[in-house]
Amino acid sequence: GNSVTQMEGPVTLSEEAFLTINCTYTATGYPSLFWYVQYPGEGLQLLLKATKADDKGSNKGFEATYRKETTSFHLEKGSVQVSDSAVYFCALAYFNDYKLSFGAGTTVTVRA
Amino acid sequence: NAGVTQTPKFQVLKTGQSMTLQCAQDMNHEYMSWYRQDPGMGLRLIHYSVGAGITDQGEVPNGYNVSRSTTEDFPLRLLSAAPSQTSVYFCASSPGLAAYEQYFGPGTRLTVT
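Residues numbered from 1 in each chain as written. Chains lettered and ligands numbered in written order. Predicted model: local features only at pLDDT ≥ 70, side-chain atom pairs only at ≥ 80, totals over all residues. Heavy atoms only, no water.

## Looking at the environment of Leu13(A)
All names here are of chain A.
Then, in step 1: Looking at the secondary structure, you find Leu13 in strand β2 (residues 11-14).
Then, in step 2: Put simply, Leu13 and Thr51 are 38 residues apart on the chain and 30 Å apart in space, counted from C-alpha to C-alpha.
Then, in step 3: Beyond its immediate chain neighbours, meaning those up to four positions away, Leu13 contacts Phe18, Leu19, Val80, Val108, Thr109, Val110 and Arg111. (Helix = DSSP H or I, 4+ residues; strand = E, 2+ residues; numbered from the N terminus. Contact = heavy atoms within 4.5 Å.)

Following this line, the structure appears as structure tokens:
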């Protein structure tokens, strides 16, 4: 079956530090890949997505590139802010399939 | 628009009690779903609905019932709560089949003692 593995947290950073959260997946065919963010007390929000190999998703300074050869979709941000403190989830789904498969989530805390 | 709303925000139940978690959306979305979020396991799909009157099971349906009598509402029922159902529950809705279009509610934190 499909599965998503992401680095365990928690991750604690200082403001303006570089953030990387690793995500790898196991799936057949060509799924779409997503990063969701959950801010404290809120539901999940789509942060970015990529639908085919070598696509780069980007939003709010975050980027992730769909690497088919390494089955990876690592999330990066060059300079984090306190407001980036949240739980980040990597996920996959197939085109026109409603079901998302989520990773376990990585808690990120950014200190001023 | 209020988006996806869930009530209650917090609930404590004793083993064997029943309750209903409420979910409503005001975006006229056809697709709605329930997930549970457990530490170290991400979100797992419990049940979903592709329209009023149509529901189907997800990955972890045991112990939960759903119905969809209107487009707006999708309640989740626990008939006899067990400690293993202690979790955070999220409802989501979507205008179409594409998974990334899902809008999530703020969640209900349930503790079963």
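There is more to say after this.
## Here's the deal with the packing of aromatic side chains
Describing an aromatic ring pair means giving the distance of the ring centres and the angle of the ring planes.
Then, in step 1: Overall, the coordinates contain nine aromatic pairs over all chains when judged by the stated rule.
Then, in step 2: Arranged with centres 6.3 Å apart and planes meeting at 50°, the rings of Phe34(A) and Tyr36(A) form a pair that is tilted. Accessibility assignment for this pair places Phe34(A) and Tyr36(A) in one class, buried.
Then, in step 3: Relative to Tyr35(B), the ring of Phe102(A) has its centre 5.9 Å away and its plane inclined at 90°; by these criteria the two rings are edge-to-face. Taken as a pair, Phe102(A) in strand β11 (residues 101-102) and Tyr35(B) in strand β4 (residues 31-38) lie in two separate chains rather than in one. The same class applies to Phe102(A) as to Tyr35(B), namely buried.
Then, in step 4: Through a chain of ring-to-ring contacts, three or more aromatic side chains come together here, namely Phe34(A), Tyr36(A), Phe89(A), Phe102(A), Tyr35(B) and Phe104(B). (Phe/Tyr/Trp six-rings, centres within 6.5 Å; stacked < 30°, edge-to-face > 60°. Buried < 20%, exposed > 50% of the residue type's maximum accessible area, 1.4 Å probe, protein only.)

## Examining unusual backbone geometry
Then, in step 1: Cis geometry marks the peptide bond from Gly9(A) to Pro10(A); its omega dihedral reads -5°.
Then, in step 2: Mapping Pro10(A) onto the fold places it in the loop between β1 (3-6) and β2.
Then, in step 3: Across the junction of Thr7(B) and Pro8(B), the peptide omega takes the value -5°, indicating a cis bond.
Then, in step 4: Turning to its location among the elements, Pro8(B) is positioned in the loop between β1 (4-7) and β2 (10-13).
Then, in step 5: The phi dihedral of Glu16(A) falls on the positive side, at around 75°, and the residue is not glycine.
Then, in step 6: The class of Glu16(A) is exposed, set by a relative accessible area of 61%.
Then, in step 7: Of note, the phi angle at Asp54(A) is positive, near 75°, even though the residue is not glycine.
Then, in step 8: Within the secondary structure, Asp54(A) sits in the loop between β6 (44-50) and β7 (56-59).
Then, in step 9: A residue is classified by how much of its surface remains accessible, and Asp54(A), at 53% relative accessible area, is exposed.

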